[in-house]
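Residue-level structural notes
The residues making up each chain are set out below.
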Amino acid sequence: MVKEAQLLKGAEIAKQVQEEIKTKLAEIKSKYGESPKLVALQVGAQSASELYVKKQKDTAESLGIQYEFVLMDEKSTEADVIKKVRQLNQDPKIHAIIIQMPMPAHIRGNHILSAVDSHKDAEGVHVDNMGRLVLQTAKVAPCTAIAAVRLAESTGINLFGKEVVLVGQSKIVGRPAAFLLLEHRATITICHTGTAKAGKLEDHVRRAEVLIVAVGKPNMIPGEWVREGAVVIDVGINRVDGKTVGDVDFEGAKKRAAFITPVPGGVGPLTVTMLMKNVVQAYLWQKGEFGDDE
Ligand code: NDP
């Protein structure tokens, strides 16, 4: 009988991370007498983000993190929104801010993200925090990237010196995951459209001891490309014929990999929990718990 890959289920790891968060929150409560507060700022009603906002609220409240949803009128100007962000930045009772995207077309989302105090950046996407990630001094990092790396760590495999191949170099997944994995002294290869156009994607994927794919193209990595015994983290979420599938051919890959994330049920369920981890990190950072502020 062919031995199949062990499944890396996000919900199981999320439970572990939530226990770690609860321990930290109890320490915060006894030392500072309060719980961190996360504010989500949205401009205009958006049905697309409703589910995500509810998930944030439920996860925050189940852990004991205070959560407030602030909805601004969709006619608000960019200056109005930046003014609101600055108020949130200055409020000492607010420790973390998430900006719900997309913004209405007349507002430049990146300007709003830049206005957030980087110490209150719940999503770890502020330009200063990206810089800290490169310098290995980050306290918060993009949630999906932390989730993908945590799933790879959860295998118990020592990542030191491993061949890690990332397919996709986006600022929320591929690039930050690469820098998080460099901290393990893994050897990192980042593939993108240039790699594919040069006809070299298959060669790189076949070398991968850890393969992280975040592209957004259903089943673009054939199972036969997956190295025997590899760890496969599939971040992709694609809808095909009413079903959600990843970027990796799951059925083929699970016959070769040692560990693989299912889609759905892999990275996705861990992402909101990582947002809460960032909230706790942001709180501790503001309290000076990490020593030097760099
Ligand atoms: P982006 O569109 O920002 O980036 C896609 C990346 O894939 C780019 O770097 C692009 O290269 C690369 N790419 C595109 N085509 C190819 C190809 N043929 N070969 C190699 N690389 C290619 O995507 P995101 O990072 O935002 O999202 C990726 C996927 O992850 C999506 O399916 C998204 O839904 C999912 N996702 C899942 C999350 C979760 O919680 N599970 C959260 C966030 C995203 P180039 O840079 O050269 O253009």
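See the structure printed just above.
Per chain, residues are indexed from 1 in the order of the written sequence. In keeping with the model being predicted, local features are shown solely for residues with a pLDDT of at least 70 and side-chain atom pairs are shown and tallied solely at 80 or more, while totals for entire chains, interfaces and linings include all residues. Side-chain figures throughout are based on the complete set of non-hydrogen atoms in the structure, without hydrogens or water.

Focus: the sheet that holds strand 11 (residues 259–260)
Any two strands with at least two DSSP bridges between them are considered paired. Helix and strand definitions here come from DSSP, where helices need a minimum of 4 consecutive H or I residues and strands a minimum of 2 consecutive E residues; each element is numbered from the N-terminal end. If you walk across this open sheet you meet the 6 strands as 1-11-8-7-5-6, and the pairing is parallel. The open sheet has two edge strands, strand 1 (6–7) and strand 6 (187–191), and neither has a second partner. As paired elements, strand 8 (residues 231–234) and strand 11 share 2 bridges and run parallel to each other. Looking at strand 11, one finds that Val232 is bridged to Ile260. Contacts are assigned to residue pairs that have any heavy atoms within 4.5 Å of one another. Where helices are involved, their axes are fitted lines through C-alpha atoms of the stretch in contact, as for all axes, and angles between N-to-C directions lie from 0 to 180°. In this fold helix 6 (residues 143–153) packs onto strand 7 (210–213) and strand 8, with an angle of close to 155 degrees to the strand it touches most, strand 8.

Some words on the site of the ligand
Throughout, near means a residue has at least one heavy atom within 4 Å of the molecule or strand. Lining the immediate surroundings of the ligand are 22 residues, of which Gln169, Ser170, Thr193, Ile237 and Thr271 lie closest. The side chain of Gln169 places a nitrogen or oxygen atom 2.8 Å from an oxygen atom of the ligand. We define a polar contact as two N or O atoms separated by no more than 3.5 Å, with the added condition that, inside protein, one atom must be a possible hydrogen donor and the other a possible acceptor, whereas residues neighbouring each other in sequence contribute only through side-chain atom pairs. The contact in question runs from an oxygen atom of the ligand to an N or O atom on the backbone of Ile237, over 3.0 Å. For this classification, the nonpolar set comprises Ala, Val, Leu, Ile, Met, Phe, Trp, Tyr, Cys and Pro, the charged set comprises Asp, Glu, Lys and Arg, and every other residue, Gly included, is treated as polar. Split into classes, the residues belonging to the shell around the ligand amount to 11 nonpolar, 10 polar and 1 charged.

As for the side chain of Asn129
Residue position: Asn129 is located in helix 5 (residues 127–134). If we ignore the near neighbours within four places in the chain, the residues touching Asn129 are Ser118, Asp121, Gly124, Ala138, Val140 and Trp285.

Quick notes on the nonpolar core
Counting residues in each nonpolar core, the largest one holds 53 residues, and the members touching the most others are Leu38, Ile65, Ile212, Ile233, Val235, Leu270 and Met276. When residues of this core are assigned to their parent elements, the largest contribution, 9 residues, is made by helix 11 (residues 268–286). The contacts of Met276, once residues within four sequence positions are left out, are Ile21, Leu38, Gln56, Thr59, Ala60, Leu63 and Ile65. Each nonpolar core is a collection of buried residues, namely Ala, Val, Leu, Ile, Met, Phe, Trp, Tyr and Cys, held together in the definition by side-chain atoms within 4.5 Å. Think of it in three bands: residues with accessible area under 20% of the maximum for their type are buried, residues over 50% are exposed, and the middle band is partly exposed, with areas taken using a 1.4 Å probe on protein chains only. By size, the runner-up hydrophobic cluster in this structure holds 18 residues, among which are Val165, Leu211, Val213 and Ala230.

So, helix 11
End to end, helix 11 covers 28 Å across 19 residues, agreeing with the expected 27 Å (1.5 Å per residue, within 8%). For helix 11, a buried count of 14 out of 19 residues is recorded, marking the element as mostly surrounded by other parts of the structure. Among the residues trailing helix 11, Gly288 stands out with phi positive, at a value near 75 degrees. Each residue after the first adds 1.5 Å to the expected span of a helix.

Description of the sheet that holds strand 2 (residues 37–43)
Reading across the sheet, the 3 strands line up as 3-2-4 and stay open at both edges, with parallel pairing between neighbours. Strands with a single pairing partner mark the edges of an open sheet, and in this sheet they are strand 3 (66–72) and strand 4 (96–99). In this sheet, adjacent strand axes meet at a mean angle of 20 degrees when their direction is disregarded. As judged from the 4 bridges shared by strand 2 and strand 4, these two strands associate in the parallel manner. Directly across from Val39, in strand 4, lies its bridge partner Ile97.

What about the pattern of salt bridges?
We count a salt bridge whenever a side-chain nitrogen from Lys or Arg sits within 4 Å of a carboxyl oxygen from Asp or Glu. If you walk through the whole model with that rule in mind, you get 14 salt bridges. When the shortest N-O distance is used, the salt bridge between Lys54 and Asp58 registers 2.7 Å. Of the two residues, Lys54 and Asp58 are both situated in helix 2 (residues 47–63); the distance of 4 residues between them amounts to about one turn of the helix. The partly exposed category is assigned to Asp58, whose relative accessible area is 39%. Residues Glu251 and Lys254 are paired through a salt bridge, measuring 3.0 Å at the closest nitrogen-oxygen approach. When salt bridges that share partners are traced, they join Glu4, Glu251 and Lys254 into one network.

So, the packing of aromatic side chains
Any two of the Phe, Tyr and Trp rings considered here, Trp counted by its six-membered ring, make a pair once their centres fall within 6.5 Å; the pair's planes then place it as stacked at under 30 degrees, edge-to-face at over 60, or tilted in between. Overall, the coordinates contain 1 aromatic pair when judged by the stated rule. Here the aromatic rings of Tyr32 and Tyr283 are separated by 5.7 Å at their centres, their planes lie at 70 degrees, and the arrangement is edge-to-face. Taken together, the residues Tyr32 in helix 1 (residues 10–32) and Tyr283 in helix 11 connect sequence positions 251 residues apart.

Observations regarding the packing of helix 2 against helix 11
Running from amino to carboxyl end, helix 2 crosses helix 11 at an angle of 55 degrees, the nearest separation of the two axes being 10 Å. On the basis of their axis angle, the class for helix 2 and helix 11 is oblique. Crossing handedness for the pair helix 2 and helix 11: right-handed. Counting all contacts with helix 2, which are made through Tyr52, Lys55, Gln56, Thr59, Ala60 and Leu63, the residues of helix 11 involved are Val272, Thr273, Leu275 and Met276. Across the contact of helix 2 with helix 11, the residue classes tally to 6 nonpolar, 3 polar and 1 charged. By definition in this entry, angles of less than 35 degrees are roughly parallel, angles greater than 145 are roughly antiparallel, angles of 65 to 115 are roughly perpendicular, and the rest are oblique. Crossing handedness is defined as follows: a turn of the near helix away from the far one that is anticlockwise and smaller than a right angle gives a left-handed crossing, while the clockwise case is right-handed.

Distances and angles like these do not, on their own, reveal function.
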